[in-house]
Structures are given as structure tokens and as C-alpha cells.
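Each chain, letter by letter, is given below.
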Amino acid sequence: MSDGRITPELVRRLREAYASAPAGTASGPCGDPEEIWQAVQGGLQPARMADLLDHALACTACDRAFVLARELSRDPAIAPAADTERPPVSIRRSLVTRRWAGGALGVVAAAAVAVLALRRPPPVEEPPFREPPSDSIVALPGTDHLPRERFLLRWSAGPPGTRYSLWVATPELRELYSKPRLEVPEHLVPSSALEGVPPGQEILWRVEARLPDDRRLSSPAFRTRVE
Amino acid sequence: MADSKPRPDPGPHRGPGTVSEARAEELRRILRAAVARACPRDLDSEREDLVQSALLRIVERTGSGEDIQIRSTSYLVKVAFSTIVDVMRRLHRRRAAGVEEIEGSRSVRALEEVDSAPVRPEIPRAVRQCLARLTRSRRSAVMLYLQGFTAREAARALQLDQKAVKNLVFRGIHDLRSCLTDKGVTP
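Bear in mind that the values here come from a model prediction, so they are computed numbers and not experimental data. (Residues numbered from 1 in each chain as written. Chains lettered and ligands numbered in written order. Predicted model: local features only at pLDDT ≥ 70, side-chain atom pairs only at ≥ 80, totals over all residues. Heavy atoms only, no water.)

What to know about unusual backbone geometry
Phase 1: Even without glycine at this site, Arg181 of chain A takes up a positive phi of about 55°.
Phase 2: For Arg181 of chain A, the position within the fold is in strand β4 (residues 175-182).
Phase 3: Taking the relative accessible area as the measure of exposure, Arg181 of chain A reaches 59% and is therefore exposed.
Phase 4: One non-glycine residue, Gln159 of chain B, lies in positive phi territory at about 55°.
Phase 5: Following the sequence through the fold, Gln159 of chain B ends up in the loop between α7 (151-158) and α8 (162-182). (Helix = DSSP H or I, 4+ residues; strand = E, 2+ residues; numbered from the N terminus. Buried < 20%, exposed > 50% of the residue type's maximum accessible area, 1.4 Å probe, protein only.)

Remarks on the pairing of strand β8 (residues 222-226) of chain A
Residues and elements named next belong to chain A.
Phase 1: Only one face of β8 is covered, namely the face carrying Phe222, Thr224 and Val226; the face carrying Arg223 and Arg225 is uncovered.
Phase 2: Pairing geometry for strand β1 (residues 145-146) and β8, over two bridges, is parallel. Note on β8: the bridge partner recorded for Leu146 is Val226.
Phase 3: Bridge count for strand β6 (residues 202-210) against β8 is four bridges, and the pairing is antiparallel. Along β8, the bridge assignment pairs Trp205 with Phe222. (Pairing = 2+ DSSP bridges.)

Here's the deal with the packing of aromatic side chains
All names here are of chain A.
Phase 1: Applying the stated rule across the entire model yields four aromatic pairs over all chains.
Phase 2: Where Trp155 meets Tyr164, the ring centres are 5.7 Å apart and the plane angle is 70°; that geometry is what we call edge-to-face.
Phase 3: Judged by its relative accessible area of 3%, Tyr164 is buried.
Phase 4: When the centroid spacing of 4.8 Å and the interplanar angle of 55° are considered together, the rings of Trp205 and Phe222 count as tilted. (Phe/Tyr/Trp six-rings, centres within 6.5 Å; stacked < 30°, edge-to-face > 60°.)

Thoughts on the state of the cysteines
All names here are of chain A.
Phase 1: Inspection of the entire model under this criterion finds one disulfide over all chains.
Phase 2: Lacking any disulfide linkage, Cys30 is separated from the closest cysteine sulfur, that of Cys62, by 3.5 Å.
Phase 3: Residue Cys30 is classed as partly exposed on the basis of its relative accessible area, which comes to 23%.
Phase 4: With no disulfide of its own, Cys59 has Cys62 as its nearest cysteine by sulfur position, at a separation of 3.6 Å.
Phase 5: Judged by relative accessible area, which is 2%, Cys59 ranks as buried. (Disulfide = S-S within 2.5 Å.)

Observations regarding helix α3 (residues 46-58) of chain A
Phase 1: Here α3 of chain A spans 19 Å end to end across 13 residues, near enough to the 18 Å set by a 1.5 Å rise per residue.
Phase 2: Within the span of α3 of chain A, buried status applies to Met49, Ala50, Leu52, Leu53, Asp54, His55, Ala56, Leu57 and Ala58 of chain A. (Expected span 1.5 Å × (residues − 1).)

Brief notes about the pattern of salt bridges
All names here are of chain A.
Phase 1: This structure, assessed with the given rule, holds 17 salt bridges over all chains.
Phase 2: Across the salt bridge formed by Arg163 and Glu183, the nearest N and O atoms sit 3.9 Å from each other. Taken together, the residues Arg163 in strand β3 (residues 163-169) and Glu183 in the loop between β4 and β5 (186-189) connect sequence positions 20 residues apart.
Phase 3: Using a relative accessible area of 36% as the deciding quantity, one classes Arg163 as partly exposed. (Salt bridge = Lys/Arg side-chain N within 4 Å of Asp/Glu carboxyl O.)

Some words on the packing of helix α6 (residues 136-147) of chain B against α7 of chain B
Residue and element names in this part refer to chain B.
Phase 1: Close contact between α6 and α7 brings their axes to 10 Å; oriented N to C, the two are set at 135°. One finds that α6 runs oblique with respect to α7. As α6 packs across α7, the resulting crossing turns out to be right-handed. For the pair α6 and α7, contact is made by Ser140, Ala141 and Leu144 and by Ala154, Ala157 and Leu158, respectively.
Phase 2: For the contact of α6 with α7, the class distribution of residues is five nonpolar, one polar and no charged. (Axes fitted to C-alpha atoms, helices over the stretch in contact; angles between N-to-C directions. Parallel < 35°, antiparallel > 145°, perpendicular 65-115°, else oblique. Left-handed = near helix turned anticlockwise from the far one by under 90°. Contact = heavy atoms within 4.5 Å. Nonpolar A, V, L, I, M, F, W, Y, C, P; charged D, E, K, R; others polar.)

Details of the packing of helix α1 (residues 8-19) of chain A against helix α5 (residues 123-133) of chain B
Phase 1: Look at α1 of chain A against α5 of chain B: their axes get within 7 Å of each other, and the N-to-C directions meet at 95°. Here α5 of chain B runs roughly perpendicular to α1 of chain A, going by the angle between their axes. Residues Leu14, Ala17 and Tyr18 of chain A of α1 of chain A pack against Ile123, Pro124, Val127, Arg128 and Leu131 of chain B of α5 of chain B.
Phase 2: Across the contact of α1 of chain A with α5 of chain B, the residue classes break down as seven nonpolar, no polar and one charged.

What follows is the structure in C-alpha cells.
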């Protein structure tokens, strides 16, 4: 790394190091996933884009969200005109060589000055605010396997006034049952909804909660075996 | 929405209210591939659950009567993306909470402050610390580059032309390397 060239090996190692950051969260709130999606599509104001990236520098999940958005955008099924362009560094390599070989010392000096002169304090100091850790919905114990005659799904409760929506599906993602606007954090799924599910098979279910302040929380997918 | 009864699978691209197995399989393929590349390493064991959660969310949307536009794969993928990001964040908050008991909260500022402490030979952290020192425009470009964006993709996201992006990446990588060298870190 001391010869001044940006080699593919250096880039590979930097990428490896960058992706190996331990799990971390930034002190400010994460951007809406929709914003990150838009950002990757070029639909966000540049200043906001920079805000999201600054946040992502300390927030592993947001950082990976950028990667995920990019990967999903690249799939040929979604973007038929797949971008097959090579990474810029490979192009840069020849440019680097030319510049250094050409003795463009002014560029080096300018870069050095820029590093010193433009090194700014960190861009955004986020307020010391963190979303409460209790913002997730978990399945209550005892829902690992249930008799189809009394298929009572139970999950952790939100604050009073919370409304829940429940969805149940097969592992092949065929919807079996749904129930919106539940007022209590449990629901007895009618056995008729489970008619086609053979004994011993797992079903998937999840809950979305609308809190009194109108926020929405979504659970992960839970699995319950039908006895 | 009333209680629903079991529904037969109508086959690919037919009728609102369900996702055909063929389409679910296509989505599963797309999501698995993307999650495999994007999933943080500490969540590797959660990959399949991330995909399942996303697919289940799609089933909910189709079941709730969202119709015409939900037929587009890109729309479904966007729904899946939001779900996966939500789950990743939740998992990371839990895991990071344990780490923060020791390290305190992390932010760009915190990373700068750590920089004044004796340098530790932890390369990933040093890379992030040095990124925090770059100018904002270079940092944005280099982050996208290290995330795997091509110049064209980064140019679109940053709303710059490709030449400008390549220039920012080049100079940013140069600065990054200088910073790492100053720290005695060789990536």
C-alpha cells in the first residue's frame, strides 16, 4: 500500500474491513427505509443523501440497508438493464498511473492541502435520542405448537389503546387467515382456517401493531406447529 | 377486513389477494440473493428469517386487497426491502445494546473522539474513523464505493456525473489510505 497506487487488492481489503464493522447504532434516529430506497434510485436531495450516509457510517443496519437496496435494484428481474459497469477503481488505476507517471506533483500537493484544509468536524451531531428498545413484538411462550382446535396466538402487548393486525400463512406463503383491529394481544384462529394444514406442519404468523400515537410496529415472522 | 378462509393458489399473476407459488419463488430467489450479499455478518444466521418476514409481509399486502400495482415485482421487492430493513434494525439494536454497555454509543462524533485515544489495531474501526475524517462529499462517494456501488450507481444516488464521482472516490481513497497509514494500520 506504500507505492501510492490504488490496487484491486487494496480495494478488496478496504471493502472487507468496511463490511466487517461490528454491530453499531448511531445516536440519532434511522431514516425511513423508503428514503434509503429513494436515495439509491437518485430520488433524494443530495444533502439528505449525505445525512443518511453519515448516519450509516455509525449504524450498521442502515449501512447494510444501502447495500440491500442496491442489490435489489440490480436484480435483472427488477432492473432489466442491469448495470454491468466495472467499479471505478479499475478505471482509476490507469488514471492513477498516468497521473503519477506524469509527475503531476501539483495534484499531490493540492490533495494534501485539501486533506488538511477541508478536514471538517463531523458533519451532524445527532440529538442524544434513541428509540426505546421495547419497540418490538415477540411471541409469548407456549405458541411453539398449538392444537388446531384451540389455536390461540399470543404476543407481547403494546401500550393501552394499541390495535393489532394478525396474519397467518403457510410456509409457501399462502395466506390462511387474517384479522385486523384486534384490541387484545391474542387471537384464537378458527380451526376452519387451518383445514388444509396437515398435522405437524408449521405455519407462519406475524403481527402489526398500531400504537395510540399512530406509530406502527411490525413483528418478525413467528412459526407455530399445528398439532 | 373480515376473517378470511383458506384460499386456493390461483397460479401465476391471476387474481388479487394472494401470491402465486411461482411468484413467491421468484421473490424468494431475489431476496435470498440480495440478503446474502447485504446481510451484516453478525446476522448471517438470521438470513432466512429476514427473507421469510419479507415474504410474509408481501402476503399480507396482497391479502389486504392492494391490487393492480402490487403486480409489479419491483413494488413487491420494495415492500420486502422495508421489512428486511426494519428487522435488521431491530436485531441490531438488541445486539448493539449489549456492546454499548461497554463501549458507549457510537456516532460519527464518537468515532472522532475515539481517534484521540491510543490507536488500536482494529482495522474495521480504523477504516470508519478515517472515513469520518474525510470531507463530506468524499466520504459519501467512498462509502458507496466500499458498499459495492459502481460509479454509475453512485453517480445516480449522489446526483453527480460519473467523472465527479470517480474523482471523489479516488481522492477519498487516497485520503483514507493516508489516514490509515498515519494510524499505523495496513488494511
